[in-house]
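Each chain, written out:
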Amino acid sequence: MKKIFILMAMLIAMQGLRAQTFSEWSDQELAKANTAQNTNLSEQEKLVFLYCNLARLDGAKFARTYAAKYLTGNSSYVASLKRDLQQVKNRPMLYPEKNLCATAAMHAIDMGTKGMTGHNSSDGTACFTRIGKYYKCGNAAENCSYGYSDALDIVMQLLIDDGLPSVGHRVNILNATYNAMGTSIKIHKTYRYNCVQDFGEKLLTPMTGSSSNNNNRTDNNNNRTNNNNNRTDNNRNNNNQGPTPPSNNRNNNFNSSNEIENALMYLNAVRKNPSAYSTEIGVDLSGVQPLPELKWNQTLAKVAQAKAQDMVDRNYFGHVDPDGGGMNFKINAAGYKLRSSWLTSYSSNNFESLAAGHKSGKESIIQLIYDGGANNSNAGHRRHLLGIDPFWSDCYDIGIGMAKGGQYGYYWCVLIAKHDFQ
């Protein structure tokens, strides 16, 4: 193996747009790009091939169709992707390669079961050694993402490559040198899901239904990046729950009132029978005691809505606003009176959990309850929403706010509180 380009994106977020078709793409183009259709890969893994190949087939058209709802806002990375896609046309399709799929699955399972991240195996085996043991052909590359199970979310996050100046993940996906790829999406102990993409420049062992006669070239651009920008922040000060990390999901067809109602209904269902939702949420809730439904409080709802909108308007994401104000003072000032001991600091927060980037109310609640999975010993969001600690177990009022716009598309504020006299 001449070289191996190893790149990783730390991507925390929930599921986004599902598979769909656009009339602008002909049946012939879709068939050409759907190189994994007849393999035994999962449906989402097959779609990873489809979306990557459509971007390589006609980048400008891909930007107008499948990628359009992600390419919003003023991010320089979105702008550069738009420019790059305009230059991409008729690049070789990526075909499923048996050995690369095996190495990708091996690494996804290893990282997932151990709750680890990175390109080296949990036993310390180097990435190039792992891939080279099964795939012995020239240059190779690897992308890893964490937190997504939806194929389009995975591909778009790697293409946008937010925060990575080299945009190496984007380079790998669009690199005409490669015509072979292995992809695997597996459960991750900490981040719910992880996806590994291994790229190669020759289709040594095609999987069923894949074939290619593309020429091969080399690429001497060597980049190594470990980008860990989106982990959940669980630092708690004054009982703060760190915000759930943002994603870049975009969807303009959104009814905020319906999604807020969905969030409330789902949270109350989980509180009523936590253990029944362990599998869906991805964390063991069998030891969580059932609690009564939370009651909607209009005052808290107004405060939550104002906070969500403020984060959009002033371009921040956190419990303390740009003026140094925390949620406790906002709640008290709105008329929902709190105990004086909870108002000792202007930045105090005992009752707020935040999420950003998720269009779905249900998915936002799932992300907050998952809260880094079993490895997160703090899990402040989970304890807050499910009343696991005594302080929160007797909270009974809830208000939820959601605002659309800003850097992350959607901002959620969940307030669960109790009055002084309780």
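As a starting point, this report considers the structure included with it. Every value quoted in this text rests on a predicted model; they were computed, and no experiment measured them.

About the cut-offs
Residues numbered from 1 in each chain as written. Predicted model: local features only at pLDDT ≥ 70, side-chain atom pairs only at ≥ 80, totals over all residues. Heavy atoms only, no water. Helix = DSSP H or I, 4+ residues; strand = E, 2+ residues; numbered from the N terminus. Buried < 20%, exposed > 50% of the residue type's maximum accessible area, 1.4 Å probe, protein only. Polar contact = N/O pair within 3.5 Å; in protein donor to acceptor, adjacent residues only side chain to side chain. Core = buried A, V, L, I, M, F, W, Y, C linked by side-chain atoms within 4.5 Å. Axes fitted to C-alpha atoms, helices over the stretch in contact; angles between N-to-C directions. Parallel < 35°, antiparallel > 145°, perpendicular 65-115°, else oblique. Left-handed = near helix turned anticlockwise from the far one by under 90°. Contact = heavy atoms within 4.5 Å. Nonpolar A, V, L, I, M, F, W, Y, C, P; charged D, E, K, R; others polar. Pairing = 2+ DSSP bridges.

1. Brief notes about the environment of W25
Mapped onto the elements of the fold, W25 is located in the loop between β1 (4-9) and α1 (27-33). Overall, the relative accessible area of 4% leaves W25 in the buried class. Between the C-alpha atom of W25 and that of K61, which follows or precedes it by 36 residues, the distance is 8.1 Å.

2. Here we look at the side chain of E142
Here E142 shows up in strand β3 (residues 140-146). Reaching out from E142, the side chain makes a polar contact with the side chain of H119 at a distance of 2.5 Å. Only 2.9 Å separates the side chain of E142 from the side chain of R130, close enough to count as a polar contact.

3. Structural notes on the nonpolar core
In this structure, Y51, L54, F62, Y66, M156 and L159 are the most contacted members of the largest nonpolar core, which totals 56 residues. A total of nine residues in this core trace back to one element, the largest contributor, which is helix α2 (residues 43-57). V283, I369, I398 and Y411 belong to the second largest nonpolar core, which has 51 residues in total.

4. What to know about the packing of α2 against helix α7 (residues 151-160)
Put simply, α2 and α7 touch, their axes get as near as 8 Å, and they point 40° apart. By the criterion of interaxial angle, the relationship of α2 to α7 is oblique. α2 and α7 meet at a crossing whose hand is right-handed. Note on element contacts: α7 touches α2 through A151, L152, V155 and L159, opposite Q44, L47, V48, Y51, C52 and A55. Looking at the contact of α2 with α7 residue by residue, the class counts come to nine nonpolar, one polar and no charged.

5. Here's the deal with the pairing of strand β8 (residues 352-356)
Among the five residues that make up β8, five are buried, leaving the element largely enclosed by the rest of the structure. Residues E352, L354 and A356 of β8 are buried on one face, and the alternating residues S353 and A355, pointing to the opposite face, are buried as well. By the bridge criterion, five bridges tie β8 to strand β10 (residues 409-417) in an arrangement that is antiparallel. Pairing of S353 across the sheet is with V414, part of β10.

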